[in-house]
Amino acid sequence: MSRESNSRSNHSAENGSSVHHVVHIDETFLSEVEGKMKELPGLLSRSAGRDSCCIFRVPKSLSEINEKAYQPHIVSIGPFHHGEPHFQMIQEHKWRFLGDLLLRAESKRVVLKDFFEAVAPMEEEIRKSYSETLKFDGRELIRMMVLDGCFMIELFCKVGRIVSADLDDPLFTMAWVLPFLMRDLLRLENQIPYFVLQKLFDLSIGSGNNGPSLAKLALGFFNYMVQRPVHVLEKYYDKEGMHLLDLFRMSYIPDCQEEVRRPSRFLHLIQCAKKLNQAGVKFRPRKTHSILDIKFGNGLLEIPILTIDDFWSSLFLNFVAYEQCYRHSTKYITTYATFMGCLINTPADAGFLGDRKIVENYFGTDEEVARFFNNVGKDVVFDIHRSYLSKVFEEVNEYYQNDWHVRWAGFRHTYFSTPWSFMSAAAAVVLLLLTMVQSFYTAYQYYKPPNNN
């Protein structure tokens with residue numbers, strides 16, 4: 001019996017099977033597990049869901065589509081990209097701008113120490129503004145906030161000609177620098193809290209009765225890229241966003257409110273522009289100063305002119321990323337992105353809207369525009385029942401699914417799309433009328449022959 005058992009053991013060993021050992025659960029193992037349980041999340045802190053948290057790392061699902069749109073290129077603002085080597089050039093100029101600001105602040109008896117003492121009590125609030133647990137100690141963080149904030153304020157003042165600037169300053173004389181700075185200051189990962197900027201601005205410049213507000217200077221600075229009329233920006237001069245990106249986003253929000261609509265068989269995503277046009281929907285550019293102000297009525301879809309270029313495409317993606325991350329934000333840009341993504345499904349749709357003067361394409365080919373709008377809606381959470389365009393979605397679908405509109409549009413397309421088809425149709429109608437007249441007189445003469453007497 002033992003020989004048989006031994007032979008089985010030997011056979012098992014020869015086949016490479018191992019003997020099962022029971023894991024010993026000791027105090028060291030348990031203490032390691034308990035330690036992990038006590039560790040606070042770092043990459044997405046527990047405070048990331050609160051109202052105060054408004055600056056986020058862009059989710060991988062969004063950034064992998066176009067990572068360059070979310071990453072700063074020449075300047076780092078705030079902690080997420082601080083210290084990266086390729087930002088060293090502008091980092092050196094930040095100290096120069098801080099010095100220029102301090103020279104003027106001295107006339108108000110404000111010195112460097114005042115800036116640090118004003119921001120230092122905000123440290124905890126600053127940390128809660130970021131989605132990650134910041135590894136910087138208090139002194140490093142406060143120095144970063146003061147340096148970056150004062151750099152931006154001085155930049156706004158010099159570009160806005162509130163203060164004099166050196167005519168030979170390379171940041172202004174080299175044509176490529178300023179546009180890159182404007183883009184980088186409007187990236188979600190490259191922000192500092194607005195309340196820090198406001199505190200530094202009040203200390204250095206002040207928002208007196210005669211002086212400009214921080215919002216006025218900031219919006220005026222970025223307006224060099226988008227060129228909106230001053231009267232459009234004026235109503236936002238007293239606004240405060242969560243940061244610069246949020247302030248600029250707020251300046252595009254129309255007066256219409258997001259509303260909750262009941263489920264309906266027509267309340268769903270719409271067809272692309274070419275299909276809607278074939279069903280009788282007409283397109284016309286709308287004269288308004290907010291690209292979000294879309295209207296529909298009596299088969300006419302009015303869409304504000306969209307000028308799409310490298311600056312706007314980057315800004316647009318960061319707007320959407322912010323709305324996706326900050327749960328207390330409205331979702332106007334996300335709704336607009338989804339709507340335009342429905343309309344521009346193919347390069348033909350992009351070309352069609354370009355022909356209608358709705359899309360001004362400085363971005364690239366029609367294929368690139370279509371690809372951009374196809375990508376911007378990927379992995380984006382959108383609630384069509386709770387959006388400012390829910391009524392437009394519903395009414396466009398109701399119009400599209402009306403058989404009479406489709407048949408009439410098909411008839412117009414067949415017989416009135418070109419001058420030749422119109423002339424052929426007109427000739428056919430005239431021929432039909434003449435045939436009817438001839439038939440009438442033939443029948444009339446038959447029943448009432450002429451009286452020969």
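These figures come from a predicted structure and were not determined experimentally. (Residues numbered from 1 in each chain as written. Predicted model: local features only at pLDDT ≥ 70, side-chain atom pairs only at ≥ 80, totals over all residues. Heavy atoms only, no water.)

Quick look at the sheet that holds strand β3 (residues 295–297)
Okay, so step 1: With respect to topology, three strands assemble into an open sheet ordered β2-β4-β3, the strand pairing being mixed. Two strands bound the open sheet, and with one partner strand each, they are β2 (282–286) and β3. Along the sheet, successive strands turn relative to each other by an average axial angle of 20°, direction set aside.
Okay, so step 2: Relative to strand β4 (residues 300–304), β2 runs parallel, the two sharing five bridges. (Pairing = 2+ DSSP bridges. Helix = DSSP H or I, 4+ residues; strand = E, 2+ residues; numbered from the N terminus. Axes fitted to C-alpha atoms, helices over the stretch in contact; angles between N-to-C directions.)

Overview of the side chain of S76
Okay, so step 1: Here S76 is to be found in the loop between α3 (60–63) and α4 (88–105).
Okay, so step 2: By relative accessible area, S76 is classed as buried at 3%.
Okay, so step 3: Of the polar contacts made by the side chain of S76, one reaches the backbone oxygen of H81; its length is 3.1 Å.
Okay, so step 4: Here the side chain of S76 touches H82 through a polar contact of 3.3 Å, landing on its backbone nitrogen.
Okay, so step 5: Other than its neighbours up to four places away in sequence, S76 contacts H81, H82, F87, K94, D148 and N190. (Buried < 20%, exposed > 50% of the residue type's maximum accessible area, 1.4 Å probe, protein only. Polar contact = N/O pair within 3.5 Å; in protein donor to acceptor, adjacent residues only side chain to side chain. Contact = heavy atoms within 4.5 Å.)

Quick look at a negative patch on the surface
Okay, so step 1: Side chains of D355, D366, E367 and E368 sit close together on the surface and give a patch of like negative charge.
Okay, so step 2: With three residues, the top contributor of residues to the negative patch is helix α18 (residues 366–376).
Okay, so step 3: As for its placement among the helices and strands, D355 is situated in helix α17 (residues 347–355).
Okay, so step 4: Residue classification places D355 among the exposed positions, given a relative accessible area of 59%. (Patch = residues over 30% accessible without salt bridge, like charges linked within 9 Å, V, L, I, M, F, W, Y side chains within 5 Å. Areas by Shrake-Rupley, 256 points an atom, 1.4 Å probe, with all protein chains shown as cover. Salt bridge = Lys/Arg side-chain N within 4 Å of Asp/Glu carboxyl O. Lys, Arg positive; Asp, Glu negative; His and termini not counted. Charge placed at Lys NZ, Arg CZ, Asp CG, Glu CD.)

Brief notes about helix α9 (residues 177–184)
Since the α-helix turns once every 3.6 residues, residues separated by three or four places project in the same direction.
Okay, so step 1: V177, L178, L181, M182 and D184 are the residues of α9 that are buried. Projected down its long axis, α9 shows its buried positions confined to an angular sector of 165°, all on one face.
Okay, so step 2: Where α9 is buried, its residues meet α4, α7 (138–159), α8 (170–173), α11 (214–226) and α15 (310–325). (Arc of directions from axis to C-beta.)

Structural notes on the side chain of K158
Okay, so step 1: By the secondary structure assignment, K158 is in helix α7.
Okay, so step 2: In this structure K158 touches F97, D100, V163, S164, A165, D169 and F172, once residues within four positions along its chain are discounted.

Observations regarding the confidence of the model for the protein chain
Okay, so step 1: Predicted confidence across the protein chain gives a mean pLDDT of 87, with 88% of residues reaching 70 or more.
Okay, so step 2: Low pLDDT, under 50, characterises residues 1–6; the stretch is placed with zero contacts to residues that sit more than four places away or in other chains. (pLDDT = per-residue confidence, 0-100.)

Side note on the nonpolar core
Okay, so step 1: Counting 122 residues, the largest nonpolar core has F283, L301, F339 and L343 as its most contacted members.
Okay, so step 2: Residues in contact with L343, not counting those within four places in the same chain, are I270, Q271, C272, A273, L276, F283, L301, I303, D349 and L353. (Core = buried A, V, L, I, M, F, W, Y, C linked by side-chain atoms within 4.5 Å.)

Things to note about the packing of aromatic side chains
Okay, so step 1: Taken as a whole, this structure holds 26 aromatic pairs when the rule is applied.
Okay, so step 2: Taking 5.5 Å as the distance between ring centres and 55° as the angle between the ring planes, the aromatic pair formed by F222 and F248 counts as tilted. Taken together, the residues F222 in helix α11 and F248 in helix α13 (residues 244–250) connect sequence positions 26 residues apart.
Okay, so step 3: Taking relative accessible area as the criterion, F222 reaches 1% and is therefore assigned buried. (Phe/Tyr/Trp six-rings, centres within 6.5 Å; stacked < 30°, edge-to-face > 60°.)

Some points on unusual backbone geometry
Negative phi values dominate among residues other than glycine, just as trans dominates among peptide bonds.
Okay, so step 1: Look at R109: it is not a glycine, yet its phi comes out positive at around 60°.
Okay, so step 2: Structurally, R109 is set in the loop between α4 and α5 (112–119).
Okay, so step 3: A relative accessible area of 76% means that R109 is categorised as exposed.
Okay, so step 4: Residue R161 is not a glycine yet carries a positive backbone phi of 60°.
Okay, so step 5: Counting through the fold element by element, R161 comes out in the loop between α7 and α8.

Brief notes about α18
Okay, so step 1: Of the residues making up α18, those classed as buried are V369, A370, F372, F373 and V376. Buried positions in α18, seen along its axis, are confined to an arc of 155° and lie on one side of it.
Okay, so step 2: On its buried face, α18 sits against β5 (306–308), α15, α16 (332–343), α17 and β6 (359–361).

A short note on the pattern of salt bridges
Okay, so step 1: Overall, the coordinates contain 16 salt bridges when judged by the stated rule.
Okay, so step 2: The closest approach of N and O atoms between R57 and E132, which form a salt bridge, is 2.7 Å. Residue R57 is found in the loop between α2 (27–38) and α3, and its partner E132 is found in the loop between α6 (123–128) and α7; the two are separated by 75 residues along the sequence.
Okay, so step 3: Between R96 and D169 there is a salt bridge, and its shortest N-O distance comes to 3.0 Å. Of this pair, R96 sits in helix α4 while D169 sits in the loop between α7 and α8, and the two are 73 residues apart along the sequence.
Okay, so step 4: With a relative accessible area of 31%, R96 lands in the partly exposed category.
Okay, so step 5: Through salt bridges that share partners, D100, R104, E154 and K158 make up one connected network.

Points about the pairing of β4
Okay, so step 1: Among the five residues that make up β4, five are buried, leaving the element largely enclosed by the rest of the structure.
Okay, so step 2: The side-chain alternation of β4 yields two buried faces, one formed by L300, E302 and P304 and the other by L301 and I303.
Okay, so step 3: Across three bridges, β3 lies against β4 in antiparallel orientation. Note on β4: the bridge partner recorded for G297 is L300.
Okay, so step 4: Where β3 folds back onto β4 in an antiparallel hairpin, the turn is made up of two residues, including N298, whose phi is positive at roughly 55°.

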